[in-house]
Structures are given as structure tokens and as C-alpha cells.
Amino acid sequence: MILYGRNPVHEALRGRRRVRRIWATRNALRESWLAHARVPVEPAAAEEIGQRCGSEAHQGVCAEAEPYPYADAVELLAVPDGFLVALDEVTDPQNLGAICRTAEVVGATGVVIPQRRSAEVTPAVCKASAGAVEHLRIARVRNLADFLADAKEAGAWTYGAAAGAATPYRAPDYRGKVVLVLGAEGRGLRPRVSAACDDLVSLPIRGRLESLNVSAAAAVLLYEILQQRLDTDP
């Protein structure tokens, strides 16, 4: 996998997977973390880097890295008082990356995505997450509704975000083991996934638009969960 962008490459060096080599422009080589990288760093022109990674958003850096190491969903559910984010067919790499960035910053245990009809961890997602995917555990599951059933058996409460839901987003108790479920933008949660949730929560809407971008909604909900947990910490 060819990663690109300064933050994604920097975080990959600090993360779990092996980075084999880095290409950087003369300007990018001024970054101190590149000077101390313990992998080969080769000078390259911006055009060459763009050709290697297939994007002009490389910021003068790209790297060859091992495939992304997905986590085991069963192991994520085994974490005491774990806090997971499950995404139902979110196909936009920018949304997946942005959600992963927020999830990592608030300290979520991990993110769960379906194996089919979903964005996966690509270089574009790494870039959109600013490298957060290198520190966040992400698992792929065959069936998201079945995963939510497993989560409830493991003692988790599952809350789906749905426009117009009767329960305000601040009403549930998000302490303990929790799974927050977010659906595809525009379509929302699929019926079987929605039915698998213990409750559906909604954000207040006062403007003319009907909903937020899924990554923006995720940020609001994730910080509400974090705040509740901080408020109860000793």
C-alpha cells in the first residue's frame, strides 16, 4: 500500500504496521521526523511522488507500507466498558476517515465496518483520518446486524443515530460498554440494523436542512459519549 501525505506517513511510522520506504521532496525532507525515520528515505520530485501514490494531495511525501492490519471484532467486544463505533454501509472514504479521526481522538475502542458495500481502509481514508487509522483498531464483519446481536450478548448497549428518532441524543447513559451505530448519508440505517439497536437517538434540527453530514453527526455523538464518561471518572 502506498500512503501519502505528511500526517498519514508520520503516524504510520509510529503505528502498528511496517513502513518499508519513504519518498520525499527536498522541502518535505526538512521535517524533523523524516530525518529520524528508521526506514530508507529517498529524495524524489513531486511529480514522481504523485505518480507513485496516484494523488496530488501528497504534500511531498509518500511511503510504501504493509497492508492495513484489521482487528478482530470479537476482541473489540471483549474490552471492558468498550466504546465502539459501527458504520452501516458508509461508502465515502472522506467520511470514514473523518469518523476514524474523531473516534481515535475521543479514545474509542475501535470502529466496525461491513466487509461489503462499505469504504475500507485505503490510502485515501488514511489521508482523510490524518493518520488516525494507524492507532485506531478497525474490524470488518460479514453482517452488521449479527455483530450488534453479538455486542448485546457481550453486555453492550447499542444506540443507532436516526433523524427524527424520539430519544434525544443526550438522554441515554453512555457509560459502560456501548456501540454507536451510524448509517450511510442520505439513506440512514438499514431496517435490520435499525431493529438490532436497543434505541435510536436523534440530534436537534433547527435549520432548513434535514440532517448533518454523517461525519459531523458522529463528532457530536462521540463527544457526548466522551463527556458523559469524563463526568463520571473518579
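Residues numbered from 1 in each chain as written. Predicted model: local features only at pLDDT ≥ 70, side-chain atom pairs only at ≥ 80, totals over all residues. Heavy atoms only, no water.

A count of helical and extended segments in the protein chain gives nine helices and 11 strands. Since a compact globule built from 234 residues should have a radius of gyration of about 17 Å, the 19 Å found for the protein chain is in line with a globular shape. Its C-alpha atoms put the protein chain at 55 × 40 × 35 Å along the principal axes. Expressed as a percentage of its 234 residues, the buried residues of the protein chain come to 48%. Taking all contacts inside the protein chain whose residues are at least 6 apart in sequence as the whole, residues at least 24 apart take part in 77%. Of the roughly 11,800 Å² of accessible surface on the protein chain, 47% is carried by carbon and sulfur atoms. Distance from the positive charge centre (28 side chains) to the negative charge centre (28 side chains) of the protein chain: 3 Å. (Helix = DSSP H or I, 4+ residues; strand = E, 2+ residues; numbered from the N terminus. Rg over C-alpha atoms; globule rule 2.2 N^0.38 Å. Buried < 20%, exposed > 50% of the residue type's maximum accessible area, 1.4 Å probe, protein only. Contact = heavy atoms within 4.5 Å. Areas by Shrake-Rupley, 256 points an atom, 1.4 Å probe, with all protein chains shown as cover. Lys, Arg positive; Asp, Glu negative; His and termini not counted. Charge placed at Lys NZ, Arg CZ, Asp CG, Glu CD.)

Attention now moves to the pairing of strand β10 (residues 178-183). For β10, the buried fraction is high: six of the six residues fall into the buried class. Every second residue of β10 is oriented toward a common face, with V178, L180 and L182 on one face and V179, V181 and G183 on the other, all of them buried.

The next point concerns the sheet that holds β10. Taken together, seven strands build an open sheet; the order of strands is β7-β6-β5-β10-β8-β11-β9 and the sheet is parallel. With partners counted over all chains shown, the strands left at the sheet margins are β7 (137-141) and β9 (167-168), one partner each. Bridge count for strand β5 (residues 83-88) against strand β6 (residues 110-114) is three bridges, and the pairing is parallel. Residue pairing in the sheet places V85 in a bridge with V111 of β6. On the sheet, helix α9 (residues 214-232) packs against β5, β8 (157-161), β10 and β11 (199-202) and is oriented at approximately 165 degrees with respect to β10. (Pairing = 2+ DSSP bridges. Axes fitted to C-alpha atoms, helices over the stretch in contact; angles between N-to-C directions.)

Another point: the packing of aromatic side chains. Tallied over the full model, the rule gives two aromatic pairs. Taking the centre distance of 5.1 Å and the plane angle of 75 degrees together, the rings of Y68 and Y70 count as edge-to-face. Taking the centre distance of 5.3 Å and the plane angle of 80 degrees together, the rings of Y159 and Y174 count as edge-to-face. Taken together, the residues Y159 in strand β8 and Y174 in the loop between β9 and β10 connect sequence positions 15 residues apart. As far as burial versus exposure is concerned, Y159 and Y174 are alike and both buried. It is R140 that lies over the ring of Y70; its NZ or CZ is 5.3 Å from the centre. (Phe/Tyr/Trp six-rings, centres within 6.5 Å; stacked < 30°, edge-to-face > 60°. Lys NZ or Arg CZ within 6 Å of the ring centre and 35° of its normal.)

Turning to the environment of W157, a few remarks are in order. Among the structural elements, W157 can be located in strand β8. In the structure, W157 is positioned 92 residues away from A65 in sequence and 36 Å away in space, judged by C-alpha atoms. Apart from residues no more than four positions distant in its own chain, W157 is found in contact with K177, V178, V179 and D198.

Before going further, it helps to spend a moment on helix α3 (residues 46-53). Looking at α3, one finds that the buried residues are I49, G50 and C53. Across the axial projection of α3, the buried residues extend over an arc of 100 degrees, all falling on one side. Exposed and facing more than 90 degrees away from the buried side of α3 are E47 and Q51. Looking at the buried positions of α3, the neighbouring elements they touch are β1 (2-4), β2 (19-24) and β4 (61-65). (Arc of directions from axis to C-beta.)

Evaluation of the coordinates by the stated rule reveals 15 salt bridges. Salt-bridge contacts for R14 lead to E11; the nearest nitrogen and oxygen are separated by 2.7 Å. Of this pair, R14 and E11 both sit in helix α1 (residues 6-14), three residues apart, which is roughly one turn of the helix. Relative accessible area serves as the criterion here: at 13%, E11 is assigned to the buried category. For R140, the salt bridge identified is with E120, shortest N-O distance 3.9 Å. With a gap of 20 residues between them, R140 in strand β7 and E120 in the loop between β6 and α6 (123-128) connect regions that are remote in the sequence. Of the residues examined, R140 reaches a relative accessible area of 27% and is grouped as partly exposed. Its relative accessible area of 37% is what places E120 among the partly exposed residues. (Salt bridge = Lys/Arg side-chain N within 4 Å of Asp/Glu carboxyl O.)

By themselves these figures say nothing about function.
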